[in-house]
Amino acid sequence: MRMMLAAVAATLSLAACASTPDLPAGPPSLVEGMGSAPPAQAKFYTDCIVFAAARGNVDRVGNTLRYRCGGAPAQAFYEGLAAFSAEIASEYQGEGRTYRVTQKIQRDLGGVDFCFRDAAGVYGCTVVLNVGPYLAK
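Residues numbered from 1 in each chain as written. Predicted model: local features only at pLDDT ≥ 70, side-chain atom pairs only at ≥ 80, totals over all residues. Heavy atoms only, no water.

A. Summary view of the pattern of salt bridges. Going through the model one piece at a time under the given rule, you end up with five salt bridges. A salt bridge links R68 to D59; the nearest nitrogen and oxygen atoms lie 3.8 Å apart. According to the relative accessible area criterion, D59 is partly exposed, its value standing at 29%. Here E91 makes a salt bridge to R100, at a shortest N to O gap of 2.8 Å. E91 gets classed as partly exposed once you look at its relative accessible area, which sits at 39%. R100 gets classed as buried once you look at its relative accessible area, which sits at 13%. Residues participating in the shared-partner salt-bridge network are D59, R66 and R68. (Salt bridge = Lys/Arg side-chain N within 4 Å of Asp/Glu carboxyl O. Buried < 20%, exposed > 50% of the residue type's maximum accessible area, 1.4 Å probe, protein only.)

B. Spotlight on the packing of aromatic side chains. Applying the stated rule across the entire model yields five aromatic pairs. For the pair F44 and F77, a centre-to-centre distance of 5.5 Å together with 20 degrees between the ring planes defines the contact as stacked. Here F77 lies in helix α3 (residues 71–80) and F44 lies in helix α2 (residues 42–55), a separation of 33 residues in the sequence. Taking the centre distance of 6.0 Å and the plane angle of 55 degrees together, the rings of Y99 and F116 count as tilted. Of this pair, Y99 sits in strand β4 (residues 97–101) while F116 sits in strand β5 (residues 114–118); the two residues are 17 residues apart in sequence, bridging distant segments of the chain. Judged by its relative accessible area of 12%, F116 falls in the buried class. Following the ring pairs from residue to residue traces out a cluster consisting of F44, Y45 and F77. Of note, R55 hangs over the ring of F51, and the distance from its end group to the ring centre comes to 3.7 Å. (Phe/Tyr/Trp six-rings, centres within 6.5 Å; stacked < 30°, edge-to-face > 60°. Helix = DSSP H or I, 4+ residues; strand = E, 2+ residues; numbered from the N terminus. Lys NZ or Arg CZ within 6 Å of the ring centre and 35° of its normal.)

C. Broad picture of the state of the cysteines. One pass over the structure, following the stated rule, counts two disulfides. Paired by a disulfide, C115 and C125 hold their sulfur atoms 2.0 Å apart. Every disulfide takes its handedness from the sign of the S-S torsion; for C115 and C125 that torsion is 105 degrees, giving right-handed. Of this pair, C115 sits in strand β5 while C125 sits in strand β6 (residues 123–130), placing them ten residues apart in sequence. Taking the relative accessible area as the measure of exposure, C115 reaches 0% and is therefore buried. Judged by relative accessible area, which is 2%, C125 ranks as buried. Disulfide partners in the protein chain, listed by the sequence order of the bonded cysteines, are 1-2, 3-4. (Disulfide = S-S within 2.5 Å.)

D. Local environment of α2. Counted at 1.5 Å a residue, the expected span for α2 with its 14 residues is 20 Å, and the 20 Å between its end C-alpha atoms agrees. Every buried residue of α2 is accounted for by C48, F51 and A52. Around the axis of α2, the buried residues are gathered within 95 degrees of arc, so they sit on the same side. Counted as exposed and oriented over 90 degrees from the buried face of α2: K43, V50 and A54. The secondary structure elements touched by the buried residues of α2 are β1 (58–61), β2 (64–70), α3 and β6. A positive phi of about 70 degrees marks G56, the residue just after α2. (Expected span 1.5 Å × (residues − 1). Arc of directions from axis to C-beta. Contact = heavy atoms within 4.5 Å.)

Now the structure itself:
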């Protein structure tokens, strides 16, 4: 019986070790990883953020900053989302607007990047930047 309990304990401890993630040894590296050139659609984000920041169209929700742009940057972003939004079925109608979202909506538009066009042809976008707990200080 003792041998059986010892075998079960050994098996359980080995299983626990197998599922534990490898922890790096020593201090964390302070070397920044290599990046690559951003794809063309990254310009939509940059242009929207620059537009919003220049006009003070920035607000906070929790640990995120929301940059809201309009005009030409929003129209370009909205049009640039057409094929992708169709591919992932993330175009929605509501509130007199057509929305194109960069990912499927789970509950609402909170926390996701999106653009819209209203019935009058006005464009707008919201880009969400998750900055983490530093913003709460």
